[in-house]
Amino acid sequence: NGIDIYFDNVGAVFTDAVWDVLNPDANAVICGQIANYNDDPKNPSKVRPFLHKTIYKEVNIHGIFVNKMKNKVKFYYDMGKWLASGKIKVKQTVCEGFEKLPEAFVGLFEGKNTGKMVVKC
């Protein structure tokens, strides 16, 4: 049925793949591009042009910077309730043991995690 809301915190091929399956009047929120952070400036990752795809579907794109988030107190209050009630489920990758810290860190940049990467010591 397509995608109505897309939250992008990864970029690269993930961002590239979504434009064709967004529904008309979809919303795309761009918060990060971790797949591109380690690009060589002389040879950056190539992403196919996509802006033309947003025109006929009238896709809304909004960039956000989390440090500028307004009303953090309400957010944390509401999110705490939703997490506690199970309304929102958290996906995370958990590595056991302090010795896994380097592997977990590198895994962040290699896409080896689902959601948050957690190291339990």
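Heads up: these notes are all about the structure in this document. Please read these numbers as outputs of a predicted model, since none were measured by experiment. (Residues numbered from 1 in each chain as written. Predicted model: local features only at pLDDT ≥ 70, side-chain atom pairs only at ≥ 80, totals over all residues. Heavy atoms only, no water.)

Next up on the list: the overall build of the protein. Within the protein, the secondary structure is distributed over four helices and five strands. Along the protein, from the amino end to the carboxyl end, the secondary structure elements read β-α-β-α-β-α-β-α-β. For 121 residues, the compact-globule estimate of 2.2 N^0.38 gives 14 Å, and the protein exceeds it by more than 25% at 17 Å. Here the C-alpha coordinates of the protein stretch approximately 50 × 40 × 30 Å along the principal axes. Accessible surface, the protein as shown: approximately 9400 Å² in total, 60% of it carbon and sulfur. (Helix = DSSP H or I, 4+ residues; strand = E, 2+ residues; numbered from the N terminus. Rg over C-alpha atoms; globule rule 2.2 N^0.38 Å. Areas by Shrake-Rupley, 256 points an atom, 1.4 Å probe, with all protein chains shown as cover.)

What follows concerns the nonpolar core. Within the largest apolar cluster, seven residues are counted, these being Tyr6, Val18, Trp19, Leu22, Ala26, Ala28 and Val59. No other element matches the three residues that strand 2 (residues 22-30) contributes to this core. Aside from chain neighbours lying at most four places away, what touches Tyr6 is Phe14, Thr15, Val18, Leu22, Asn27, Ala28 and Val29. (Core = buried A, V, L, I, M, F, W, Y, C linked by side-chain atoms within 4.5 Å. Buried < 20%, exposed > 50% of the residue type's maximum accessible area, 1.4 Å probe, protein only. Contact = heavy atoms within 4.5 Å.)

What follows deals with the packing of aromatic side chains. With the rule as written, the count across this model stands at three aromatic pairs. Judged by centre distance (5.3 Å) and plane angle (70 degrees), the ring pair of Phe75 and Tyr76 falls under edge-to-face. Owing to a relative accessible area of 57%, Tyr76 belongs among the exposed residues under this scheme. Centroid distance Phe105 to Phe109: 5.2 Å. Interplanar angle 70 degrees. Geometry classified as edge-to-face. (Phe/Tyr/Trp six-rings, centres within 6.5 Å; stacked < 30°, edge-to-face > 60°.)

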